[in-house]
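Notes for the structure review
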Amino acid sequence: MKQFEVPVYYRSPIIGKVKDTRKITDPRKKDFTPTVLDFGPVQFLIPRHFGFCYGVENAIEISYRALEENPGKRIFLLSQMIHNPEVNADLRQRGIRFIMDTEGNQFTEWDELTPDDIVVIPAFGTTVEIQRLLEAKGIETQKYNTTCPFVEKVWKRSAKLGEDDFSVIIHGKHKHEETRATFSHSYQGAPSVVIKDMEEAKVLADVIRGSISHADFYKIFEGKYSEGFDPVHDLERVGVVNQTTMLAGETQAIADFFKNVMEEVHGTADLKNRYADTRDTLCYATNDNQQATYGVLEEPADLALVIGGYNSSNTSHIAELCEEKLPTYFIQNELEITGPSLIRHFNYPKQKMEETRDWLTLPGKSDSPLRIVLTSGASCPDATVDRVMQKVLSYFEEVRSPEEVLEDCLGKED
Ligand code: SF4
């Protein structure tokens, strides 16, 4: 895979070494068992795959290049380039301005932009409407377009569904930038509707079956269907695509569910004509991260630390998987840890910060070591993961040095 130029301060001496070694010993990612870093009184279980993905590294490289190539020019990011507060803060500090926030609230009015300005399109991509608006202003949108190719793949899949006269059901969070962009690209060629989970899939299925009225469809899915969407005609032939960072199992279940619903309503003989089998459109990183999370959760552990931006969809799903098995703390960086007696963490479903006291039980001399699953989302720098690890280690006595631990553990994998 292509190597990107990412500022060195996002790399890390510990996690980076673990990843580099695993890439050599398991280039085809067949082994999803974690690496165990044994510091003595505490062991960290490091999943096979996590952290910066292709799309994020690509976006970081292009954004920093935009800064380098355009001294003296005004450089704007359409919105957060990726969902990581540290990366966005660093770009801001170097002079990049944001046009809007992740919800679409505007910081810079479109009228303020001039053809001389540089606009960077984020990894999630943008809507067709915004792209046209920028082009109408004479702004070059392709030079610093960081849209991830895996997101574009979903757009192509939707376009193909439209060409074949299917409507598009998008499994995603309708306010998320990526889903807003995918929805916009999708409805250029096909009637489209966004559903966020199986619960909404079941409601839409009842619309297909005719047990929910069309008037109710418009109320329930307000803001989530394309203009002119006709629930009578536009749900007769459907295909499913997804936001690239949803839970793989959930997308698969939703796709299978709609296949069954179309079969139930239209009969088996007509199924091919009614349901387009698109297979899921999750990206490789989401797949690998989720598989690696399942892999690490097979090992015994005491708790999990999941690191990432609080608006990061893929990080929230990793936290969700860990929570099913372990006490899990979703934190954005080491600053959320005040000590062994207090950690501040994010409750994603409730969208609020919480505090947990005495979250870290330090083992006594005769106790077995504490085992911590340590992982992060696709937009989190490895350097942040290192800092969290170092902070946790600072609460333990007689810990082995990172050099010794790496030598011991990775030496065995060489
Ligand atoms: S998570 Fe996947 S789709 Fe999103 S930026 Fe990374 S590689 Fe691209």
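Residues numbered from 1 in each chain as written. Predicted model: local features only at pLDDT ≥ 70, side-chain atom pairs only at ≥ 80, totals over all residues. Heavy atoms only, no water.

1. A short note on the sheet that holds strand S5 (residues 118-120)
Here is the rule: Criterion used throughout: strands pair if DSSP finds at least two bridges between them. Runs of H or I in DSSP of at least four residues are treated as helices and runs of E of at least two as strands, each being numbered from the N terminus.
Taken together, 3 strands build an open sheet; the order of strands is S4-S3-S5 and the sheet is parallel. Every interior strand has two partners, whereas the edge strands, strand S4 (97-98) and S5, have only one. For strand S3 (residues 75-77) and S4, the ladder comprises 2 bridges, and the chain directions are parallel. Counterpart to leucine 77 in the pairing with S4 is phenylalanine 98.

2. Some points on the pattern of salt bridges
Test applied: Here, a salt bridge means any side-chain nitrogen of Lys or Arg that lies within 4 Å of a carboxyl oxygen of Asp or Glu. Three exposure classes are used, based on accessible area relative to the maximum for each residue type with a 1.4 Å probe and protein chains only: buried under 20%, partly exposed in between, and exposed over 50%.
Applying the stated rule across the entire model yields 22 salt bridges. Among the ionic pairs, aspartate 26 bridges to arginine 48, the shortest N-O distance being 2.9 Å. Remark: arginine 48 occurs in the loop between strand S2 (42-46) and helix H2 (54-69) and aspartate 26 occurs in the loop between helix H1 (15-25) and strand S1 (35-38); sequence separation between them is 22 residues. Of the two residues, aspartate 26 and arginine 48, neither departs from the other in class, the shared state being buried. The partner of glutamate 200 in a salt bridge is lysine 224, and the shortest N-O contact between them spans 2.9 Å. A residue pair is termed long-range when its members are at least 10 positions apart, and glutamate 200 in helix H7 (residues 198-209) and lysine 224 in the loop between helix H8 (214-220) and strand S8 (238-242) qualify at 24 residues. The exposure class of lysine 224 is buried, given its relative accessible area of 10%. A network of salt bridges, in which partner residues are shared, links Glu61, Arg65 and Glu69.

3. Section: the state of the cysteines
For clarity, the threshold we go by: In what follows, a disulfide is any cysteine sulfur pair within 2.5 Å.
Enumeration according to the criterion identifies 0 disulfides in this entry. Take cysteine 322: it sits in no disulfide, and the sulfur closest to it among the cysteines is that of cysteine 380, at 14 Å. Assessed through its relative accessible area of 0%, cysteine 322 is described here as buried.

4. A few points about the environment of cysteine 53
Rule in force here: For this analysis, residues touch if any pair of their heavy atoms sits within 4.5 Å.
With respect to the helices, strands and loops of the structure, cysteine 53 is situated in the loop between S2 and H2. C-alpha separation for the pair cysteine 53 and valine 120, spaced 67 residues apart in sequence, amounts to 19 Å. The residues contacting cysteine 53, other than those within four sequence positions of it, are Tyr284, Ala285 and Ala378.

5. Description of the sheet that holds S8
Reading across the sheet, the 4 strands line up as S7-S6-S8-S9 and stay open at both edges, with parallel pairing between neighbours. Two strands in the sheet have a free side with no partner beyond their single neighbour: strand S7 (192-195) and strand S9 (275-276). Two elements, strand S6 (residues 167-171) and S7, share 4 bridges in a ladder whose sense is parallel. Paired with histidine 171 across the strands is isoleucine 195, a residue of S7.

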